[in-house]
Amino acid sequence: MLFEKSNQSIALIDRFLNLVDQSVLLFKEGVKNYVFNNAENFKNNLHSLANLEIESDNIRRDIENTLYTQSLMPQLRGDIMRLFEEMDNIIDLSKKNLFQFDVEMPLIPASLNNDFIKLTEISVSAAESVIPAAKSYFNDPASVNEKIHRVYFYEKETDVLADVIRRKIFREMPDLHLSEKFHLRYFTLHIENISDTAEKVADLLSIMAIKRIV
Amino acid sequence: MLILFFISSGLFLGWSLGANDAANIFGTAVGTRMIKFTRAALIASVFVILGAVLQGSGTTNTLSQLGKVDALGGAFTVALCSAVIVAIMTKNKLPVSTGQAIVGSIVAWCYFTAKPVDYGILTVLVSSWIYGPILGAVFAALLYIFMRRFIRTTTIHVIKLDILIRYALILTGAFGAYSLGANNIANVMGVFVHSASIKINFWTYSFDTIQILFLLGGISIAIGIITYSKKVMETVGGDIMTLTPENAIVVVLAQALVLFIFSSSSLSDLLISIGLPPIPLVPVSSTQVVIGSVLGIGLVKGVQEVKFGVLRNIALGWVLTPILSGLLTFFSLFFVQNVFDIGITDGRQMNSSLSHAAATPIIIHFSNDYLYIVILSILALLGLGMMYLYILFVKSKNKYKLNQEKLTKDKEHVEFHRALSELEVNILSDSYSTGNVNENRKSDLRDFTTSINEIQEYLQSLLDDLKEATNEEDVTLIKQKLEKITLNLKEKSDLSGGFSLFLNKIDGIESIFLKKLRNVYTNLTIDEQKLALLLEFGFSDSEIISIFRLNHGEYESYKNDLRIKLNLTEHADIANFLKSI
């Protein structure tokens with residue numbers, strides 16, 4: 001009875017963090033399906049991601065309403081809502097980027113398929129690594145900094161691989177038109193953005209954890 | 001009820017104490033919005049009255065021994081001057097000690113009336129100004145170290161921890177209010193103990209002077225808390241050091257412990273019983289103890305956290321308060337005695353009716369009739385209280401209902417947008433495929449129209465040739481023309497050239513489909529690519545057979561090869577698969 005209302009808020013927060021995790025997984029699968037021309041699966045990924053994005057917005061609004069109407073954590077809720085906003089950006093980016101694949105239909109040469117998939121996997125790994133750090137902020141803020149170093153690692157790796165791909169596109173593919181090269185370049189940037197956003201979340205978490213400990 | 005007039009200055013002092021000192025207990029909790037002000041004020045009011053009534057006698061005895069103010073006029077003046085000084089210092093936002101003000105006033109009365117000052121008690125009181133904050137600092141430092149360790153090592157969810165902190169703030173606040181009432185009631189009503197005489201006989205039970213004074217004093221403190229402490233609470237905590245709710249628990253608990261220790265006669269007796277020296281039961285300034293507690297936390301965290309400039313102003317207040325209070329009291333006593341002709345000490349006989357009225361003891365008897373009135377009044381008050389609580393409950397329920405309705409509307413709004421975005425996605429994909437289909441249809445129609453025109457033109461030219469031939473009279477020329485028409489017809493019936501043209505045309509088509517097909521299935525031959533293209537365009541098997549001039553078996557073999565290279569099963573529909581690329 002003492003924690004009845006708080007248990008609801010905790011469940012909502014856990015659900016939101018799970019949705020962030022699911023969104024990047026759907027994005028990863030979506031890119032794979034696009035590269036390997038699995039049109040039906042790709043379309044399913046699009047629909048699932050669109051629905052997930054709406055559900056996450058809904059949950060974020062519920063959390064905000066609950067925190068403010070029940071006056072929970074008046075000192076921390078500003079930081080927490082900012083954290084959720086940044087994490088929601090990961091979901092929004094995943095959806096937006098996958099829809100870009102559908103709308104613009106970039107022509108990915110077969111020789112770049114594996115590179116694009118690897119880039120996606122590493123970028124998504126950065127976002128996946130931020131989830132346990134966010135969860136531990138609520139229970140064990142001292143362990144947050146131990147968990148976010150993986151985010152920085154994957155973000156750096158994403159940048160390196162993206163650079164390698166772009167060099168390959170512009171230097172080793174004379175058959176591609178310049179417009180196609182630019183198009184592919186933008187898609188590497190779209191994928192990179194996910195790891196960059198995850199890094200922002202990690203930075204924010206680091207400061208929030210220090211504030212709680214001090 | 002002239003006595004009420006005389007004790008009104010004490011009540012005013014109590015009101016000042018409540019307005020000023022409640023911020024020490026619930027200031028941070030209210031300022032950080034952990035607890036609402038109304039709840040904090042209610043809890044503080046109830047517990048301060050309980051503390052005053054149940055445990056106020058210890059410190060009152062000590063203070064009354066400093067200088068026995070034995071006339072209501074004198075007591076009235078002493079309390080009034082202290083209250084004025086406290087009010088002025090509070091208005092100027094200086095933390096002020098009611099105890100210091102009252103000590104200064106009592107000493108001034110002693111000097112004015114040439115009555116002895118108990119310097120031993122004065123020493124104990126003054127030294128409490130020093131070791132009170134020191135003790136507060138020590139308690140706070142120890143509690144802070146424990147609290148910090150707990151916060152850093154706990155794995156309780158932050159939301160549950162927030163709720164625990166709220167309950168802790170309420171409990172420590174209640175304890176703090178109780179200790180405040182127990183320790184500081186002496187400052188409010190201590191001066192009237194030797195001069196006032198009131199007794200209420202409540203059927204079988206009697207309330208003596210001290211109990212009545214404490215109750216009235218406690219109520220005045222509670223009224224001060226409810227009416228004026230909110231403004232003071234808004235500035236607490238930020239003045240010396242920024243306090244978090246966790247630190248507020250430490251500070252309030254340290255303060256409550258110090259005040260409780262210095263007002264508990266039971267604790268003092270316990271120490272005596274085990275052979276230890278007794279704790280002096282002296283009124284200690286809660287403000288000073290809070291400052292000491294905050295300082296204790298600041299020293300544990302780091303000296304850079306403490307704003308020493310504010311400490312300087314506070315120290316100045318400590319020096320000025322008793323001096324100013326004493327001076328004001330001294331001159332006020334002169335006026336009260338000589339201008340208003342009110343006795344300020346029992347030793348001087350005054351002729352004014354006021355003095356006589358003040359000196360008369362008051363005894364109130366509650367008979368059975370009064371008993372019923374009192375019981376009915378209590379019941380009425382309880383009824384009003386319950387009605388107020390019910391109204392609060394209904395209000396909060398309505399507020400919750402409104403919030404739920406708003407949430408439902410938000411959800412419907414979100415569902416609407418979800419449906420809209422799904423529709424957009426479907427329209428986007430449909431329009432893409434519809435557009436393609438439309439384009440294809442248009443091109444089909446164009447081709448169809450072109451071929452009809454071509455046929456028409458050809459037939460017209462054939463007709464012209466035949467007309468020419470029939471108009472000729474020379475048989476040789478007729479034969480030549482007929483041979484020419486026959487040759488023409490033969491050429492037209494030979495479709496292989498046309499089909500060759502058609503196939504060459506396919507080679508020129510650089511569709512996205514062909515590009516994707518070549519990228520994914522790099523092992524397809526040119527003919528297989530053309531076959532795939534025709535299937536994707538929707539040509540039937542018989543049409544393709546005609547174009548490629550194959551027989552049925554050969555065509556099926558080509559299709560099978562294509563099926564294998566596309567990694568499809570035996571019965572898979574190649575055309576549908578190719579259309580999905």
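Cut-offs and rules
Residues numbered from 1 in each chain as written. Chains lettered and ligands numbered in written order. Predicted model: local features only at pLDDT ≥ 70, side-chain atom pairs only at ≥ 80, totals over all residues. Heavy atoms only, no water. Contact = heavy atoms within 4.5 Å. Polar contact = N/O pair within 3.5 Å; in protein donor to acceptor, adjacent residues only side chain to side chain. Helix = DSSP H or I, 4+ residues; strand = E, 2+ residues; numbered from the N terminus. Nonpolar A, V, L, I, M, F, W, Y, C, P; charged D, E, K, R; others polar. Buried < 20%, exposed > 50% of the residue type's maximum accessible area, 1.4 Å probe, protein only. Core = buried A, V, L, I, M, F, W, Y, C linked by side-chain atoms within 4.5 Å. Salt bridge = Lys/Arg side-chain N within 4 Å of Asp/Glu carboxyl O. Axes fitted to C-alpha atoms, helices over the stretch in contact; angles between N-to-C directions. Parallel < 35°, antiparallel > 145°, perpendicular 65-115°, else oblique. Left-handed = near helix turned anticlockwise from the far one by under 90°.

1. Description of the interface of chain B and chain A
In this assembly, 40 residues from chain B lie in contact with 37 residues from chain A. Linking chain B with chain A are 4 residue pairs in polar contact (both at pLDDT 80 or more), by the criterion used here. Looking at the side of chain B that touches chain A, the elements with two or more residues in it are α6 (119-153), α7 (158-189), α14 (368-471) and α17 (512-520) of chain B. The leading source of residues in the side of chain B that touches chain A is α14(B), at 14 residues. For the side of chain B that touches chain A, the residue count by class is 17 nonpolar, 11 polar and 12 charged.

2. Concerning the side chain of B:Thr287
Here B:Thr287 shows up in helix α11 (residues 286-301). Note on B:Thr287: relative accessible area 8%, which makes it buried.

3. Section: the nonpolar core
Side chains of a nonpolar character, in soluble globular proteins, are inclined to be buried together. B:Phe26, B:Leu66, B:Val103 and B:Phe192 are the most contacted members of the largest nonpolar core, which totals 97 residues. Here B:Leu66 is in contact with B:Val103, B:Ile106, B:Val107, B:Cys110, B:Pro116, B:Val117, B:Asp118, B:Ile121, B:Leu122 and B:Leu125, once residues within four sequence places are set aside. Judged by nonpolar contacts, the second largest core, of 71 residues, contains A:Phe16, A:Leu52, A:Ile90 and A:Val201.

4. So, the pattern of salt bridges
Tallied over the full model, the rule gives 16 salt bridges over all chains. Linking A:Glu155 and A:Lys156 is a salt bridge whose minimum nitrogen-to-oxygen distance equals 3.4 Å. When its relative accessible area of 4% is taken as the criterion, A:Glu155 is described as buried. Between B:Lys565 and B:Glu528 there is a salt bridge, and its shortest N-O distance comes to 3.0 Å. Note that B:Lys565 is positioned in helix α20 (residues 552-565) and B:Glu528 in helix α18 (residues 526-537), a separation of 37 residues in sequence.

5. So, the packing of helix α1 (residues 2-31) of chain B against helix α9 (residues 245-261) of chain B
All names here are of chain B. Viewed as axis vectors pointing N to C, α1 and α9 meet at an angle of 165°, and their least axial separation amounts to 9 Å. One finds that α1 runs roughly antiparallel with respect to α9. As for the relative orientation of α1 and α9, their crossing is left-handed in sense. On α9, the residues that touch Asn 24, Ile 25 and Thr 28 of α1 are Pro 245, Ala 248, Val 252 and Gln 255.

All we've got here are geometric facts, nothing functional implied.
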